[in-house]
Amino acid sequence: MTLGEDGAFFAVNDRVGPVTNFAVEVCDTTAAGDTFIGTIATTVEPDFANMERTLQKASAASAIVVSRPGAIPAIPTQEEIARKLAPMAMN
């Protein structure tokens, strides 16, 4: 479930929890939801084992897209998403 600026929340089998968002300056929200859902659709494993990481990636992708104007041109590449997620990998 998405929670807007408060991130997202997931519940898969016995695992539940919040996924925080990335603080960004919002320029345009046009493609935020489509980017979030598209990232989930292309990342989640059939058994949902990676749901938390998938939602972190979707949150990163959406944070990037809202910081740019427009829709299709604002959608980030996989490399841009990986750079956004890199600080989380260090924790």
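What you are looking at is a predicted structure, and each value in this text was computed from that prediction instead of being measured.

Calculation notes
- Residues numbered from 1 in each chain as written.
- Predicted model: local features only at pLDDT ≥ 70, side-chain atom pairs only at ≥ 80, totals over all residues.
- Heavy atoms only, no water.
- Helix = DSSP H or I, 4+ residues; strand = E, 2+ residues; numbered from the N terminus.
- Buried < 20%, exposed > 50% of the residue type's maximum accessible area, 1.4 Å probe, protein only.
- Contact = heavy atoms within 4.5 Å.
- Pairing = 2+ DSSP bridges.
- Core = buried A, V, L, I, M, F, W, Y, C linked by side-chain atoms within 4.5 Å.
- Expected span 1.5 Å × (residues − 1).
- Arc of directions from axis to C-beta.

Concerning the overall build of the protein
Alright, step 1. For the protein, the helix and strand inventory stands at three helices and two strands.
Alright, step 2. Going from the N terminus to the C terminus, the protein shows its helices and strands as β-β-α-α-α.
Alright, step 3. Along the first, second and third principal axes, the C-alpha set of the protein runs to 40 × 25 × 25 Å.
Alright, step 4. Counting the 91 residues in the protein, one finds 37% classified as buried.
Alright, step 5. Relative to all contacts within the protein whose residues are 6 or more apart in sequence, the contacts with residues 24 or more apart total 53%.

Observations concerning the pairing of strand 2 (residues 15–19)
Alright, step 1. Judged from the five bridges that link them, strand 1 (residues 8–12) and strand 2 form a sheet pairing that is antiparallel. Paired with Phe9 across the bridge in strand 2 is Pro18.
Alright, step 2. Hairpin geometry of strand 1 and strand 2 is characterised by an intervening segment of two residues between the two adjacent antiparallel strands and by a positive phi of about 55° at Asn13.

Topic: the nonpolar core
Alright, step 1. Ranked by size, the top nonpolar core spans nine residues in total: Ala8, Phe10, Val12, Val19, Phe36, Ile40, Met51, Leu55 and Ala58.
Alright, step 2. Counting seven residues, the second largest nonpolar core, distinct from the first, contains Phe22, Ala61, Ile64 and Leu85.

Some points on helix 3 (residues 78–89)
Alright, step 1. Taking 1.5 Å per residue as the helical rise, helix 3 with its twelve residues ought to reach 16 Å, and the 16 Å between its terminal C-alpha atoms agrees with that figure.
Alright, step 2. Looking at helix 3, one finds that the buried residues are Glu80, Ile81 and Leu85. Along the axis of helix 3, the buried residues cluster in a sector spanning 125°; they form a single face. In helix 3, the exposed positions that point more than 90 degrees away from the buried face belong to Glu79, Arg83 and Ala89.
Alright, step 3. The inward-facing, buried residues of helix 3 abut helix 2 (51–66).

Concerning unusual backbone geometry
Alright, step 1. In the Ramachandran plot, Asn13 falls in the positive-phi region, its phi being about 55° despite a non-glycine side chain.
Alright, step 2. Secondary-structure assignment places Asn13 in the loop between strand 1 and strand 2.
Alright, step 3. We classify Asn13 as exposed; its relative accessible area is 75%.
Alright, step 4. Positive phi is not limited to glycine here, since Phe48 has a value of about 65°.
Alright, step 5. Along the chain, Phe48 falls in the loop between helix 1 (32–43) and helix 2.
Alright, step 6. The class of Phe48 is partly exposed, set by a relative accessible area of 40%.

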